[in-house]
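# Descriptive structure summary
Residues per chain are reported as follows:
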Amino acid sequence: MGRENRRSRVVVIGLLVVAFILITVDYRSGDSSSGLRGALRGGFATVEGALTAVTRPIGRTVSSLAHPNRYQRRADALAAENADLKRQLADDAEVRRQAAGLANLRLLADRGQYSIIAARVIAIGDITGTEWSVTVNAGSADGVMPDRLVLDSDGLVGTVLSSTAHTAVIRLACDPASHIGARLEGARLLGAVAGTGSPDALAFTLYDATRQVKVGDRVVSFGSADYVGGVPIGVVTKVLDMSEGLSRSAEVTPFAAIGSLDLVGIVVGKLPADAGDRVLPPRPVPTPASPAAPASPAAPPAPPGKVPVTPALAPAATAAVG
């Protein structure tokens with residue numbers, strides 16, 4: 001028993017001496033990356049890296065099993081962020097579209113010197129064929145009055161049928177009950193456009209039979225006590241010959257896309273002088289036709305008794321004559 005105790009004490013003392021020597025040598029070397037300490041650290045780092053490479057996938061698997069909803073929540077958060085970015089892009093595009101529409105509407109109003117209130121379509125009326133109307137978000141509180149013309153950035157839309165303080169009902173020009181004074185471009189002859197029940201066609205009647213209506217003629221509003229003059233209406237696409245009466249009729253395709261209205265302008269305030277034809281868009285410039293190739297000179301007439309010879313048939317013709 002005493003011998004074993006002495007042996008244990010010797011081992012402990014020996015370990016203490018070795019530890020003291022190592023500490024002294026490492027302190028004097030002053031470089032933690034070299035010497036015995038560096039070797040020990042490198043060995044432990046290698047072992048630690050190997051253990052980490054082995055245990056990390058196991059730890060992740062155990063973590064995913066312990067928290068099964070964590071990755072699903074992350075995927076849901078990313079999907080929500082993506083949807084939010086898409087909504088922001090769509091909102092920006094809509095804002096730009098509305099700004100462009102309003103700018104074009106103001107440009108047309110400035111050309112005609114019309115005072116307008118911009119309004120947005122908020123409801124669509126009965127479109128079964130008996131009534132074509134829309135409701136907009138501007139009313140009498142904004143100066144909107146019945147029978148005033150309504151237009152968009154392309155031309156005539158209709159007239160104000162009725163209004164409340166903050167809304168108004170617009171009778172579209174294509175309504176069969178709609179009749180608006182109109183005239184041909186460049187003429188002061190009285191006529192009218194009426195609705196046909198189709199957003200793509202209006203009926204134009206010229207009351208003076210001495211003037212011929214032609215395809216391609218453009219039609220604008222005729223100024224009156226309620227209507228401003230010079231608002232672009234449409235272009236004649238078909239002439240309807242009449243056997244009776246003193247008028248000429250034609251089918252007019254409207255400039256405004258009546259079937260897809262969004263932003264409109266309602267004429268308010270004192271009506272300006274007739275704008276004439278200056279509100280109409282410029283006519284497209286026709287492309288010049290390519291010059292025709294010069295014709296080859298005609299061959300001179302052959303003398304009597306001789307057969308005319310063409311260059312392509314010269315040998316055969318000469319043989320036949322000889």
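Quick summary incoming for the structure in this document. These figures come from a predicted structure and were not determined experimentally.

Looking only at helices and strands, one finds four helices and 12 strands in the protein chain. When each of the 322 residues of the protein chain is scored for burial, the buried share is 26%. In the protein chain, the share of contacts with a sequence separation of at least 24, taken over all contacts with a separation of at least 6, comes to 58%. Summed over its atoms, the accessible surface of the protein chain is roughly 20600 Å², and 62% of this surface lies on carbon and sulfur atoms.

Right, let's get into the sheet that holds strand β8 (residues 201–206). Taken in spatial order, the six strands line up as β6-β7-β8-β11-β10-β9 and close into a barrel, and their pairing is antiparallel. Sheet twist, expressed as the mean angle between neighbouring strand axes with direction ignored, is 45°. When strand β6 (residues 179–184) meets strand β9 (residues 218–221), the two strands line up antiparallel, connected through three bridges. Residue pairing for β9: Arg183 is matched across the bridge by Val220.

Further remarks concern the pattern of salt bridges. Counting across every chain of the model gives six salt bridges. Salt-bridge contacts for Arg283 lead to Glu185; the nearest nitrogen and oxygen are separated by 3.0 Å. Residue Arg283 is located in the loop between β12 (263–267) and α4 (314–321), and its partner Glu185 is located in the loop between β6 and β7 (191–198); the two are separated by 98 residues in the primary sequence. The partly exposed category is assigned to Arg283, whose relative accessible area is 46%. With relative accessibility at 25%, the residue Glu185 sits in the partly exposed group.

Strand order in the closed barrel formed by six strands is β1-β2-β5-β4-β3-β12, and the pairing between neighbours is antiparallel. The average undirected angle you get between the axes of adjacent strands in this sheet is 45°. In terms of strand pairing, strand β1 (residues 116–124) meets β12 through five bridges, oriented antiparallel. Of the residues in β12, the one forming a bridge with Ala119 is Val264.

Taken as a whole and judged by the stated rule, the model has zero aromatic pairs. Seen from the ring of Phe222, Arg188 lies directly overhead, with NZ or CZ sitting 5.3 Å from the centre.

Across three bridges, the pairing between β1 and strand β2 (residues 133–136) is antiparallel. Among the inter-strand pairings, Val121 is bridged to a residue of β2, identified as Val136. Judged from the four bridges that link them, β2 and strand β5 (residues 168–172) form a sheet pairing that is antiparallel. Paired with Ser133 across the strands is Arg171, a residue of β5.

One finds Tyr114, Val136, Ile170, Leu172, Phe204, Val219 and Ile266 to be the most contacted residues of the largest nonpolar core, which totals 49 residues. Residues within four places of Leu172 in sequence aside, it is in contact with Trp132, Ser133, Val134, Val157, Gly158, Ser178, Ile258 and Leu261.

All right, on to unusual backbone geometry then. Glycine aside, residues mostly have negative phi, and peptide bonds are mostly found in the trans state. For Gln113, which is not glycine, the phi torsion reads 60° and is therefore positive. Residue position: Gln113 is located in the loop between α3 (70–112) and β1. In the Ramachandran plot, Asp147 falls in the positive-phi region, its phi being about 75° despite a non-glycine side chain. As for its placement among the helices and strands, Asp147 is situated in the loop between β2 and β3 (149–151).

Attention now goes to the side chain of Asp217. By the element assignment, Asp217 lies in the loop between β8 and β9. Polar side-chain contacts of Asp217 include one of 2.9 Å to the backbone nitrogen of Lys214. Not counting residues up to four positions away in its chain, the partners in contact with Asp217 are Leu184, Gln212, Gly234, Val235 and Val236.

Definitions and cut-offs
Residues numbered from 1 in each chain as written. Predicted model: local features only at pLDDT ≥ 70, side-chain atom pairs only at ≥ 80, totals over all residues. Heavy atoms only, no water. Helix = DSSP H or I, 4+ residues; strand = E, 2+ residues; numbered from the N terminus. Buried < 20%, exposed > 50% of the residue type's maximum accessible area, 1.4 Å probe, protein only. Contact = heavy atoms within 4.5 Å. Areas by Shrake-Rupley, 256 points an atom, 1.4 Å probe, with all protein chains shown as cover. Pairing = 2+ DSSP bridges. Axes fitted to C-alpha atoms, helices over the stretch in contact; angles between N-to-C directions. Salt bridge = Lys/Arg side-chain N within 4 Å of Asp/Glu carboxyl O. Phe/Tyr/Trp six-rings, centres within 6.5 Å; stacked < 30°, edge-to-face > 60°. Lys NZ or Arg CZ within 6 Å of the ring centre and 35° of its normal. Core = buried A, V, L, I, M, F, W, Y, C linked by side-chain atoms within 4.5 Å. Polar contact = N/O pair within 3.5 Å; in protein donor to acceptor, adjacent residues only side chain to side chain.

These values are about where atoms sit, not about what they do.
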